[in-house]
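Residues per chain are reported as follows:
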Amino acid sequence: MSTLAASSSLGQVPVASLDAALRTASPQEVIAAALQAIGRERLAVVSSFGSESAALLKVTADVDPAIPVIFLDTGHMFTETLAYRDRLIEILGLRDVRSIKPDAAALAREDADNELWFSDPDACCRIRKVEPLARALAPFAAWINGRKRFQGGLRAAIPVVEQDGTRVKFNPFANVTRDDIAEIYRSADLPQHPLVAAGFRSIGCMPCTSRSDHGEDERAGRWRGRDKTECGIHTVVTSAV
Ligand code: SF4
């Protein structure tokens with residue numbers, strides 16, 4: 001076990017120095033550094049298999065296709081997303097994709113009619129995303145995600161490495177541009193999510209996703225008409241849930 005992996009189990013990862021060292025690193029360099037420092041058995045990628053997810057998954061697969069990938073299957077996913085997940089697993093050779101479902105008892109208790117997304121979307125995200133992710137991440141000391149600064153909002157100032165409760169969170173795409181992502185898709189001939197051609201630029205759960213115009217923020221189609229802009233997996237400390 002590396003020194004960092006040993007210290008991460010004690011909550012002593014030098015996050016600030018890691019962030020400084022990786023501030024201008026490429027996504028591949030960040031993921032390779034995370035793998036080297038944390039170890040595969042303690043590191044997971046979290047992916048929505050959405051409109052830009054193939055870029056992060058491609059870079060991950062290039063570093064190590066056996067890094068665990070967590071997908072939150074909320075029960076409200078587009079069928080196109082589930083099919084895209086399966087297609088990317090095959091194309092990229094991802095060897096450990098874990099599709100995580102909400103707790104059945106929580107659904108029966110709090111969302112028996114499947115309409116909580118309408119009456120209380122924060123509660124819906126809690127039982128369908130935040131709590132399942134917290135359970136899924138329990139064995140891991142660090143996680144990787146695909147947020148970009150160019151997405152704006154709360155994402156405009158994310159570091160490359162940050163503390164997330166007792167875990168470390170790596171944001172290898174923090175610095176990338178839309179052109180960088182387009183180049184990853186082009187050079188690897190990656191398929192687009194099937195809903196991109198239909199005008200969906202950011203894709204989450206079906207009831208809370210709509211098309212967005214190119215004059216809008218790309219996440220404007222998420223929870224349209226509400227104040228909500230994030231599901232909570234990046235704004236609630238998952239290790240504290
Ligand atoms: S995005 Fe919408 S449907 Fe999905 S968990 Fe959140 S509120 Fe529920």
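Below: a short report on this structure. (Residues numbered from 1 in each chain as written. Predicted model: local features only at pLDDT ≥ 70, side-chain atom pairs only at ≥ 80, totals over all residues. Heavy atoms only, no water.)

## Let's talk about unusual backbone geometry
Apart from glycine, the bulk of residues carry a negative phi angle, and the bulk of peptide bonds sit in the trans form.
In step 1: The phi angle at Phe49 is positive, at roughly 50°, despite the residue not being glycine.
In step 2: Look at Asp189: it is not a glycine, yet its phi comes out positive at around 55°.
In step 3: Structurally, Asp189 can be placed in the segment after helix H9 (178–188).
In step 4: Judged by its relative accessible area of 67%, Asp189 falls in the exposed class. (Helix = DSSP H or I, 4+ residues; strand = E, 2+ residues; numbered from the N terminus. Buried < 20%, exposed > 50% of the residue type's maximum accessible area, 1.4 Å probe, protein only.)

## Considering the nonpolar core
In step 1: Residues Leu22, Leu43, Ile144, Val161, Phe170 and Phe173 are the most contacted members of the largest nonpolar core, which totals 43 residues.
In step 2: The contacts of Leu43, once residues within four sequence positions are left out, are Ala34, Leu35, Ile38, Ile67, Pro68, Phe140, Ala142, Trp143, Ile144 and Phe170.
In step 3: In this structure, Val46, Leu133, Leu137 and Trp223 belong to the second largest nonpolar core, which totals 15 residues. (Core = buried A, V, L, I, M, F, W, Y, C linked by side-chain atoms within 4.5 Å. Contact = heavy atoms within 4.5 Å.)

## So, the pattern of salt bridges
In step 1: For the coordinates displayed, the defined rule picks out 17 salt bridges.
In step 2: Residues Arg98 and Asp96 are paired through a salt bridge, measuring 2.8 Å at the closest nitrogen-oxygen approach.
In step 3: On the accessibility criterion, Arg98 (32% relative accessible area) is partly exposed.
In step 4: Overall, the relative accessible area of 22% leaves Asp96 in the partly exposed class.
In step 5: Between Glu110 and Arg109 there is a salt bridge whose closest N-O contact spans 3.7 Å. (Salt bridge = Lys/Arg side-chain N within 4 Å of Asp/Glu carboxyl O.)

## So, the packing of aromatic side chains
In step 1: Following the criterion strictly, the structure yields three aromatic pairs and no others.
In step 2: On the basis of an interplanar angle of 90° and a centroid distance of 5.4 Å, the ring pair of Phe49 and Phe71 is categorised as edge-to-face. Placement of the pair is Phe49 in the loop between strand S1 (43–46) and helix H4 (53–63) and Phe71 in strand S2 (residues 69–72), with a sequence separation of 22 residues. Summarising the burial analysis for this pair, Phe49 and Phe71 share the class buried.
In step 3: Above the ring of Trp223, the side-chain terminus of Arg222 is found at 5.2 Å from the ring centroid. (Phe/Tyr/Trp six-rings, centres within 6.5 Å; stacked < 30°, edge-to-face > 60°. Lys NZ or Arg CZ within 6 Å of the ring centre and 35° of its normal.)

## Details of the environment of Gly50
In step 1: Among the secondary structure elements, Gly50 is positioned in the loop between S1 and H4.
In step 2: Relative accessible area serves as the criterion here: at 1%, Gly50 is assigned to the buried category.
In step 3: Residues within four places of Gly50 in sequence aside, it is in contact with Tyr84, His193 and Ile203.

## Describing the site of the ligand
In step 1: In the region of the ligand, the neighbouring residues are His76, Trp117, Pro121, Cys124, Cys125, Arg128, Lys129, Cys205, Cys208 and Trp223.
In step 2: Sorting elements by how many residues they give to the shell around the ligand places helix H8 (residues 121–136) first, with five residues. (Near = heavy atom within 4 Å.)

## Comments concerning the pairing of S2
In step 1: Burial along S2 is two-sided: the residues Val69 and Phe71 and Ile70 and Leu72 are all buried.
In step 2: The pairing of S1 with S2 spans two bridges and is classified as parallel. Across the sheet, the residue bridging to Val45 is Val69, located in S2.
In step 3: Each parallel crossover has a hand, and for S1 linked through H4 to S2 it is right-handed.
In step 4: Across four bridges, S2 lies against strand S3 (residues 97–100) in parallel orientation. By the bridge assignment for S3, Phe71 is matched with Ser99. (Pairing = 2+ DSSP bridges. Right-handed = clockwise from strand over helix to strand, strands pointing away.)

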